[in-house]
Amino acid sequence: LQDETSILDLNNAYLMKYVADIISTVEFNYSGELLATGDKGGRVVIFQREQESKNRLLSRGEYNVYSTFQSHEPEFDYLKSLEIEEKINKIRWLPQQNAAHFLLSANDKTIKLWKISERDKRAEGYNLKDEDGRLRDPFRITTLRVPVLMPMDLMVEASPRRIFANAHTYHINSISVNSDYETYISADDLRINLWHLEITDRSFNIVDIKPANMEELTEVITAAECHPHQCNVFVYSSSKGTIRLCDMRAAALCDRHSKFFEEPEDPSSRSFFSEIISSISDVKFSHSGRYMMTRDYLSVKVWDLNMENRPVETYQVHEYLRSKLCSLYENDCIFDKFECCWNGSDSAIMTGSYNNFFRMFDRNTRRDITLEASRENSKPRAMLKPRKVCTGGKRKKDEISVDSLDFNKKILHTAWHPKENVIAVAATNNLYIFQDKIN
Amino acid sequence: MFSKGTKRKFSDGDEEISDESLVGARVASSYSLQRQSLLDMSLIKLQLCHMLVEPNLCRSVLIANTVRQIQEEMTHDGSWHMVAEAFCSAGQSPSERLVATEVLCRSREQDAEPKLFSVISYEGCREEEVVADETLCSVSVSDTVSNVCLAGRIGQCWEKSELSGVERDEEALEDSRLGSGEDEEIDTKDRASTESPKTIGQVFGTFEIKNGSPGPDSALEELFSDVDTSYYDLDTMLTGMQSAPKMGPYDILDSLAPSHSSPSIVSTPNCRSDLNELDHIMEIIVGS
């Protein structure tokens, strides 16, 4: 049994300063050994955890850069006279099946399957060519030899193995690998497509909410995910705060949902912004597959898949913003899409906020904590200090008032190691990795 | 949210106006003001976001829904009706009335293609200002109000994405089928604009203008209704222009020929102005 407090007490801060473009996605692989980030410039940077050093018994392995490559380039759509941004919207790892690692990366229109492989040996002693690569004169070859593998400096190569293009009219917001490890889904604002990893020239459209008459469009798809165990089940969320669970066995086109999740609106808190703040920005299944979590503008909700009419748990992320909705609408912050994530055991959840704050909630103890990802407040190996926002009245020491919050410093992307208490937090163009010292 | 106003309490001293009713009235008017400013802000956001090259669809939908909500509430309040009356009395023609926000999602067929055709139109009776718009695929036509050309982008933007890749042909068919149906729908959903006719008129105006004169365009529409958009690939690749029509310069002259078959004095001025217009058009298309 885990110590109650250990989940939220991150005692170790490893600051990785990653100077590049704005980070747009963060994702651990299945083992947690690798951490991938995608940025606005179309680059992917993969960090690898170092093996634990025998000398430093108390510290865990650090994450260092393993591979960097340009995944997507800006494209120009001549027909519409539009530039297609190279920004990576999502990265999803495939489970490891051999020595190489595979991941899917997606921008607005195209998904690519990348193979990341190591090369640490080189063959020497070829018969037909020299070590320099020059061809040897065949007449001079008097004996045959078998080339020998010699060690060389580690080289990590990334190569695109599949390119899945031309299937999305609207902007891709999600990709999710299916538990069969053969297929995956990609979702844009109005449609969801099902792909086979081996086949790039076609995909199946499984959800289409585009109205026949575009004038009737009032709702879009905001996120989608495959169930972690049931390869026929997936969910997608909408801008109206609803989640639909679909079963691919039911029909080829899953326009009709199997389950419909929506919390009835509280009439006393209704305002012109109600719909906007109910729009779901992220949906994630728990590792167990029994629950799912949704993030809307002000809260995180945990749903039991067996109960459609309301969530089983609701956590307020920054309720103090409710009275500021008009200003947040004016400066467009109300449209920010925050992500959320589970820890490995599904006992805790994490999501980001403004002012480089991020929040973690312990589902068992109902404790919550606010931490800040900033260089000033995170010395390496120092304990993170909890932060508090003062909502009114007298501001206590160390508290920060709502009006002093920096709305340009937003933490939209966070990731939790699948097995350990290690978290990755993207604050604009800086990546912070925090981990727990306690074993 | 806000109370609309409380009934005046009966008091012996009639001169005393109840504080509560004053406060209530103030609160009500401040609510209306806030609501109005929210509406204005939303409309500006919609206009701005439709000026971007490819707007964020989710954001646009959410803002449009907000605008709709405000309109609905104002209609229930009766404040919409009052504003509409005020607007009508200002002498706005029916064709410039505010159309429902559904028009935001107007199909591509009514925006992109007819606009191209009216440019080429040689009827000459409509005074049209041809505006080459670099952010849009097509050359947009604006009527007397020059700002109105902005409005055309709203429906277009949501539909621009229709033109790409896999589903292009299918949707072109779909849209052309729905074309006539949509005209009727929009007319029945007419609503007067609010106190800020400039922004809203700009936003929705163009659609009415197109509907207002079906005559000259319909023949051309029929002519070009089966335009194959695949020609864009080669043309646009070569010239970098998106509005290259299927007709080349010689085709335009050919089509003019029938109207100028008799070299009479009557037709000559017509011919001249048409050719001037043509030159202008060709300049834009060729991109000189």
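Given the structure is predicted, the values throughout are model-derived calculations rather than measurements.

### Focus on the overall build of chain B
Right, so step 1: Per the secondary structure count, chain B includes 11 helices and 2 strands.
Right, so step 2: Each helix and strand of chain B, placed in order from N terminus to C terminus, yields the pattern α-α-α-α-β-β-α-α-α-α-α-α-α.
Right, so step 3: Across the 288 residues that make up chain B, the buried fraction comes to 47%.
Right, so step 4: Pairs at least 24 apart in sequence give 72% of the contacts found in chain B among residues at least 6 apart.
Right, so step 5: Carbon together with sulfur atoms contributes 57% to the accessible area of chain B, which is approximately 14700 Å² in total.

### Side note on the sheet that holds strand β16 (residues 221-226) of chain A
All names here are of chain A.
Right, so step 1: Here we have 4 strands laid out as an open sheet, ordered β16-β17-β18-β19, and antiparallel in their pairing. If you trace the sheet from one side to the other, it starts and ends with β16 and β19 (259-261), each paired once. Sheet twist, expressed as the mean angle between neighbouring strand axes with direction ignored, is 20°.
Right, so step 2: Two elements, strand β18 (residues 243-247) and β19, share 3 bridges in a ladder whose sense is antiparallel. Note that in β19 the partner of Ile 243 across the bridge is Phe 261.

### A short note on the sheet that holds strand β23 (residues 313-316) of chain A
Residues and elements named next belong to chain A.
Right, so step 1: Read from one edge to the other, the open sheet built from 4 strands follows the order β20-β21-β22-β23, with strand pairing classed as antiparallel. If you trace the sheet from one side to the other, it starts and ends with β20 (282-285) and β23, each paired once. Each adjacent strand pair in this sheet contributes to an overall mean axis angle of 15°, direction not counted.

### Brief notes about the environment of Asn98(A)
Residue and element names in this part refer to chain A.
Right, so step 1: Position of Asn 98 relative to the elements: it lies in the loop between β8 (90-93) and β9 (101-106).
Right, so step 2: Sequence separation of Asn 98 and Ser 117 is 19 residues, and the distance between their C-alpha atoms is 9.8 Å.
Right, so step 3: Within the structure, Asn 98 has its side chain in polar contact with the backbone nitrogen of Ala 100 (distance 2.9 Å).

### A closer look at the packing of aromatic side chains
Right, so step 1: As enumerated under the stated definition, the model contains 17 aromatic pairs over all chains in all.
Right, so step 2: Where Phe273(A) meets Tyr329(A), the ring centres are 5.4 Å apart and the plane angle is 55°; that geometry is what we call tilted. Separated by 56 residues along the polypeptide, Phe273(A) in the loop between β19 and α1 (274-278) and Tyr329(A) in helix α2 (residues 325-330) bring together distant segments of the chain.
Right, so step 3: Accessibility expressed as a relative area gives 9% for Phe273(A), which makes it buried.
Right, so step 4: On the numbers, 5.9 Å between centres and 50° between planes, the contact of Tyr329(A) with Phe335(A) is tilted.
Right, so step 5: Residue classification places Tyr329(A) among the buried residues on the basis of a relative accessible area of 0%.
Right, so step 6: Of the residues examined, Phe335(A) reaches a relative accessible area of 13% and is grouped as buried.
Right, so step 7: Every member of this aromatic cluster is reached through a ring pair, and the members are Tyr297(A), Phe338(A), Tyr354(A) and Phe407(A).
Right, so step 8: Its guanidinium or amino end placed over the ring of Tyr126(A), Lys129(A) lies 4.5 Å from that ring's centre, counting from NZ or CZ.
Right, so step 9: Positioned above the aromatic ring of Tyr329(A) is the side chain of Lys45(B), whose terminal nitrogen or guanidinium carbon lies 5.3 Å from the ring centre.

### Some remarks on helix α2 (residues 57-77) of chain B
All names here are of chain B.
Right, so step 1: In this model α2 runs 30 Å from its N-terminal to its C-terminal C-alpha over 21 residues, within 8% of the 30 Å that 1.5 Å per residue would give.
Right, so step 2: Counting buried residues in α2 gives 16 out of 21 residues, a clear majority hidden from the surface.
Right, so step 3: Measuring from the side-chain oxygen of the N-cap residue of α2 to the backbone nitrogen of Cys 58 gives 3.1 Å; that N-cap residue is Asn 56.
Right, so step 4: Of the residues flanking the end of α2, it is Gly 78, one or two places downstream, whose phi is positive at about 95°.

### Describing the nonpolar core
Right, so step 1: Counting 42 residues, the largest nonpolar core has Tyr297(A), Leu321(A), Leu328(A), Tyr329(A), Ile334(A) and Leu405(A) as the members making the most contacts within it.
Right, so step 2: Going through the elements one at a time, α1 and α2 of chain A together with α1 (19-49) and α2 of chain B are the ones with two or more residues in this core.
Right, so step 3: Sort the elements by how many residues they give to this core and α2(B) lands first, with 8 residues.
Right, so step 4: The residues touching Tyr329(A), leaving out its near neighbours within four places in the chain, are Phe273(A), Ile276(A), Ile334(A), Phe335(A), Leu38(B), Met41(B), Ser42(B), Lys45(B), Ile63(B) and Thr66(B).
Right, so step 5: Core analysis: the second largest hydrophobic core is formed by 16 residues, Cys341(A), Phe358(A), Leu371(A) and Phe434(A) among them.

### Description of the pattern of salt bridges
All names here are of chain A.
Right, so step 1: What the rule picks out here adds up to 30 salt bridges over all chains.
Right, so step 2: Here Arg 43 and Asp 39 are joined by a salt bridge, their closest N and O atoms 3.6 Å apart.
Right, so step 3: On the basis of relative accessibility, which here comes to 28%, the residue Arg 43 falls in the partly exposed class.
Right, so step 4: Taking relative accessible area as the criterion, Asp 39 reaches 1% and is therefore assigned buried.
Right, so step 5: When the shortest N-O distance is used, the salt bridge between Asp 120 and Lys 121 registers 3.4 Å.
Right, so step 6: We classify Lys 121 as partly exposed; its relative accessible area is 45%.

### Some details on the pairing of β8(A)
Residue and element names in this part refer to chain A.
Right, so step 1: With burial as the criterion, each face of β8 is covered, one bearing Lys 90 and Arg 92 and the other bearing Ile 91 and Trp 93.
Right, so step 2: Where β8 lies against β9, 4 bridges are found, and the strand directions are antiparallel. Of the residues in β9, the one forming a bridge with Lys 90 is Ala 106.

### Section: the state of the cysteines
Residue and element names in this part refer to chain A.
Right, so step 1: Applying the stated criterion across every chain yields a total of 0 disulfides over all chains.
Right, so step 2: The structure places no disulfide on Cys 246, whose sulfur is separated from the nearest cysteine sulfur, that of Cys 254, by 5.3 Å.
Right, so step 3: Cys 246 sits in the buried class, given a relative accessible area of 0%.
Right, so step 4: Given the relative accessible area of 2%, Cys 254 is considered buried.

### Some thoughts on the confidence of the model for chain A
Right, so step 1: Averaged over all residues, the pLDDT of chain A equals 90, while 92% of them reach at least 70.
Right, so step 2: Here residues 1-6 of chain A scores under 50 on pLDDT; set against residues more than four positions off or in separate chains, the count is 7 contacts.

Rules and cut-offs
Positions within a chain are numbered from 1, following the residues in the order the chain's sequence is written. Whichever chain is written first becomes A and whichever ligand is written first becomes 1, with later ones labelled in order. A pLDDT threshold of at least 70 governs which residues receive local features in this predicted model, and a stricter bar of 80 or more applies before side-chain atom pairs are shown or counted, although totals over entire chains, interfaces and linings include all residues. No hydrogens and no water enter the side-chain calculation; it runs on all heavy atoms of the structure. Comment: elements are numbered from the N terminus, with helices defined as DSSP H or I runs of at least four residues and strands as E runs of at least two. Accessible area is worked out with a 1.4 Å probe on protein chains only. A residue is then buried under 20% of its type maximum, exposed over 50%, and partly exposed in between. Here, residues are in contact when the closest pair of their heavy atoms is within 4.5 Å. Under the convention used here, a 1.4 Å probe and the Shrake-Rupley method define accessible areas, while residue burial counts only the protein chains that appear. Any two strands with at least two DSSP-identified bridges between them are counted as paired. Orientation is described by axes fitted as lines to C-alpha atoms, over the contacting stretch for helices, and by angles from 0 to 180 degrees between their N-to-C directions. Distance and chemistry together define a polar contact, namely a pair of N or O atoms within 3.5 Å, with one atom able to donate a hydrogen and the other to accept it when in protein, and with adjacent residues in sequence counting only for side-chain atoms on both sides. Aromatic pairing here means that ring centres of Phe, Tyr or Trp (its six-membered ring) are within 6.5 Å. Orientation follows from the plane angle: under 30 degrees is stacked, over 60 is edge-to-face, and everything else is tilted. By definition, being over a ring means that NZ of Lys or CZ of Arg is both within 6 Å of the ring centre and within 35 degrees of the ring normal. To estimate how far a helix should extend, the number of its residues minus one is multiplied by 1.5 Å. In these notes, a set of buried Ala, Val, Leu, Ile, Met, Phe, Trp, Tyr and Cys residues joined through side-chain atoms within 4.5 Å is what counts as a nonpolar core. A pairing counts as a salt bridge when a side-chain nitrogen of Lys or Arg comes within 4 Å of a carboxyl oxygen of Asp or Glu. The disulfide criterion is simple: two cysteine sulfur atoms within 2.5 Å. Summary of the metric used: pLDDT quantifies the predictor's per-residue confidence within the range 0 to 100.

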